[in-house]
Amino acid sequence: MPPALAVDHNRGTSGGNPPIRLMIVDDSMVARAVLSRMIESDGGFEIVAVAGSAEDAIESLSTTRVDVVMLDLEMPGAGGLKSIPAILKAARGARVLIVSTLAEEGAEATVTALAMGAADTLPKPGTGRFNGTFSNVLLSKLRALGRRRDQDMALPGAPASRPQAIAPRAMVSGPVRLLALGASTGGIHALGTFFHHFPRRIGAPILVTQHLPEPFMAVFARQLAVASQRETVVAADGLRLLPDRVILAPGDASMTLDMSGGHLIVRLDHARSASGYLPSVDPMLASAGAMLGREALGVVFSGMGRDGLEGARALVAAGGSVLIQDEASCAVWGMPRAVAEAGLPCAILPPGGLAERIAERIGDAS
């Protein structure tokens, strides 16, 4: 099936900004039509191309510029998953949003897609359930992923011009007894890159809070174990922290720290945080600071929203340090940006640079 292009240069814009340019890649004609109607109801988007296969999408992307590719994973031919590297290359910086029936049932495929560079995922609902909550979440994700950097400052309530470059704080010196990593949209790929550059052993436990639904967590833990080359487990209440063990927040609870028998343990909090997320990065970072002060180190990776800001503020106030992923390497520079604008980070770097900076701190303390 050749790619069917749908281009309309006369569409309206949202808030004076050019519309976000989208491509829909799905072998179902019904799904393409329903998604198109849903998106076209919002003047902030323009569907510039649709494709019935990954091969057609790659061909179309060679001549069509888009901001976001909406990709189904289960398609004939090469399929969406195997084609992600080629699609990312052809898309020239466009973000990929997985919208697939496999997005929840096929957790392995979905988490693999995110590790390969897809920015986010949204499970496709069953027949007749394409409106309501799904529509609102879809449009929200598309806005966050498709926002071009030249538009970022033009959002309602944002400053009229980009703020001056932020001068990082000085990195606290001394040993690191805990590393706490927080991430959301784009975070799985960033964490993979981070661990690729990270030392094999640091002698400290590592906590990870990644915004991801509960059904994905066991799969993500297995993939993170491979990426980090460490034992990786999904947190349980009372689980003891051990050197170089990676503990992953479950999909339905945030992690905090407690002391039992002279050892640090994990406590799970099932209440939604003030940031609105569950799991949330805020309680993890705040608790790390409260328990370990300057010996706790936090990192905030790519993600939309402001989760991690209050936790980072508490960690720094307790004497600890926070590093953040830089804008250029983020799928969405929301969470790191909030920390940056509060003047909290001691380094603003791509994931590989963050790993190297932490290694320097650990090396200096040894």
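See the structure above.
Residues numbered from 1 in each chain as written. Predicted model: local features only at pLDDT ≥ 70, side-chain atom pairs only at ≥ 80, totals over all residues. Heavy atoms only, no water.

**Q** Honestly, the pattern of salt bridges in this entry has me stumped. Any pointers?
**A** Should the charged atoms of two oppositely charged side chains come close, the side chains can pair. Using the criterion set out here, one finds 15 salt bridges in the structure. The shortest N-O distance in the salt bridge between aspartate 42 and arginine 143 comes to 2.5 Å. With aspartate 42 in the loop between helix 1 (29-40) and strand 2 (45-51) and arginine 143 in helix 6 (residues 133-146), this residue pair connects regions lying 101 residues apart in the sequence. The exposure class assigned to aspartate 42 is buried, which follows from its relative accessible area of 17%. One salt bridge connects glutamate 231 with arginine 245, and the closest N-O pair in it is separated by 3.2 Å. With glutamate 231 in the loop between helix 9 (217-228) and strand 8 (232-234) and arginine 245 in the loop between strand 8 and strand 9 (246-248), the pair connects residues that are 14 residues apart, well separated along the chain. For arginine 245, a relative accessible area of 12% gives the class buried. (Salt bridge = Lys/Arg side-chain N within 4 Å of Asp/Glu carboxyl O. Helix = DSSP H or I, 4+ residues; strand = E, 2+ residues; numbered from the N terminus. Buried < 20%, exposed > 50% of the residue type's maximum accessible area, 1.4 Å probe, protein only.)

**Q** Can you walk me through the sheet that holds strand 2 in this structure?
**A** Think of a sheet as strands paired side by side through backbone hydrogen bonds, with each pair either parallel or antiparallel. Strand order in the open sheet formed by five strands is 2-1-3-4-5, with parallel pairing between adjacent strands. Edge positions in the sheet fall to strand 2 and strand 5 (120-123), since each of these pairs with one other strand and no more. If you compare each strand with its neighbour and ignore which way they point, the axes differ by 20 degrees on average. Where strand 1 (residues 20-25) and strand 2 come together, six bridges link them in parallel fashion. Its bridge partner being in strand 2, arginine 21 is matched across the sheet by glutamate 46. Against the sheet, helix 6 touches strand 1, strand 2, strand 3 (68-71), strand 4 (95-100) and strand 5, its axis set at about 165 degrees to strand 5. (Pairing = 2+ DSSP bridges. Axes fitted to C-alpha atoms, helices over the stretch in contact; angles between N-to-C directions. Contact = heavy atoms within 4.5 Å.)

**Q** How should I be thinking about helix 8 (residues 187-196) in this particular structure?
**A** Counting along an α-helix, one turn takes 3.6 residues, and residues three or four places apart therefore face a common direction. Those residues of helix 8 that sit buried are Gly187, Ile188, Ala190, Leu191, Phe194 and Phe195. Down the axis of helix 8, the sector holding all buried residues measures 160 degrees, keeping them to one side. (Arc of directions from axis to C-beta.)

**Q** Could you clarify how one ought to interpret the environment of valine 99 in this entry?
**A** Its place among the elements puts valine 99 in strand 4. Here the alpha-carbon distance between valine 99 and isoleucine 24, two residues 75 residues apart in the chain, equals 9.4 Å. Discounting residues that sit within four places of it in the chain, valine 99 has contacts with Met70, Leu71, Asp72, Leu122, Lys124, Phe134 and Leu138.

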